[in-house]
Amino acid sequence: MCGRFAQQRTSSDLAEIFDAEDLADDPGGRFNVAPTDDAVVVVQRDDRRAITRYRWGLIPHWATDRRIGSRQINARGERLASSPTFRAAFRRRRCIVPVDSFYEWRRTGATRQPYRIARTDGRPLALAGLWAGWHDPDSDQVVRTFTIVTTTPNELVAEIHDRMPVVLPDDAWRRWIDPDNPDVAELHGLLVPAREGFLLTHPVSTLVNNVRNNGPELIDPIEA
């Protein structure tokens, strides 16, 4: 799964990397993004690709209570086409969640040690995501939310956890976020573990366990 991540870059930097328009005006510097937080995503609408901010935890359009979103931070790739919660978004509302790294926890007995996982070349990871719009009856506003798609782990991540987010290679970005791409088989073909040698990992401080903590010390390697 994916329960925390870092977005260190500004949205203007991400707009340049993903060839998108910056609608978020986000300063970055976030090392501990948690479920229900707003975060930067890349979306495509018609011919316009944009960097914007959505809330983490997908609320399907038919939901009667926003609290369902806190349970939908991840979507299993194997079930996207059949899940009532995710299948509509999988067809037309796919996004990219750009992160500098994500965290995963390895359990050893009663101890849970956090690890940071990032690209070996330092570029942002493009995580496969889905988004949805939900009408909030209390505020009469449309709340846009997202979830991160997961798959089985590669050899590196399997040492830590039994799931990992889908990391899209650069040449798959356009195919994933294109809302007019009808090729479900092709889309499912992207929901695979990251290739070996693409990622690196190291243990980090348990400071990341507290959502109130935020700072570059959270990604510093420590002795395991």
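Right above here is the structure, for reference.
Since the structure is predicted, the reported quantities are computational estimates derived from the model, not experimental observations.

A. Examining the environment of Gln72 more closely. Mapping Gln72 onto the fold places it in the loop between strand S5 (48-56) and strand S6 (74-76). Judged by its relative accessible area of 14%, Gln72 falls in the buried class. In sequence terms Gln72 and Thr145 are 73 residues apart; their C-alpha atoms lie 9.9 Å from each other.

B. View of the environment of Arg163. By secondary structure assignment, the location of Arg163 is in the loop between helix H3 (155-158) and strand S12 (164-165). Spatially, the C-alpha atoms of Arg163 and Arg112 are 16 Å apart, while their sequence positions differ by 51 residues.

C. Here's a closer look at the layout of surface pockets. Put simply, the largest pocket is a space of about 160 Å³. Partitioning the lining of the largest pocket into residue classes produces 8 nonpolar, 1 polar and 1 charged.

D. Representation of the sheet that holds strand S1 (residues 4-7). Pairing within the open sheet is antiparallel, and its 5 strands lie in the order S3-S1-S8-S9-S13. Sheet topology places strand S3 (30-33) and strand S13 (199-203) at the edges, where each strand pairs with a single neighbour. Each strand axis lies, on average, 30° off the axis of its neighbour in the sheet, ignoring direction. One ladder, built from 3 bridges, connects S1 with strand S8 (residues 101-108); its direction is antiparallel. Considered in S8, the bridge of Phe5 is made with Phe102.

About the thresholds
For every chain, the first residue of the written sequence is number 1, and numbering continues from 1 along that sequence. pLDDT decides what is reported in this predicted model: residues at 70 or higher carry local features, side-chain atom pairs at 80 or more are listed and counted, and totals for whole chains, interfaces and linings draw on all residues regardless. Only hydrogens and water are set aside; all other atoms, that is, all heavy atoms of the structure, feed into the side-chain values. Counting from the N terminus, the helices are DSSP H or I runs at least four residues long and the strands are E runs at least two residues long. We call a residue buried when its accessible area falls under 20% of the maximum for its residue type, exposed when it is over 50%, and partly exposed in between, using a 1.4 Å probe and counting protein chains only. The method works on a 1 Å grid over the protein atoms by themselves. A cavity is a set of points holding a 1.4 Å probe that cannot get out, a pocket is an open set with protein on both sides within 12 Å along at least five of seven lines, and residues with an atom within 4 Å of a point line them. Grid points are joined across faces, edges and corners, and a volume is the space filled by probe spheres set on the points. Amino acids outside the nonpolar list (Ala, Val, Leu, Ile, Met, Phe, Trp, Tyr, Cys, Pro) and the charged list (Asp, Glu, Lys, Arg) are all regarded as polar, and Gly is one of them. For two strands to be treated as a pair, DSSP must find no fewer than two bridges joining them. Fitted lines through C-alpha atoms give the axes, limited to the stretch in contact for helices. The angle between two N-to-C directions lies from 0 to 180 degrees.

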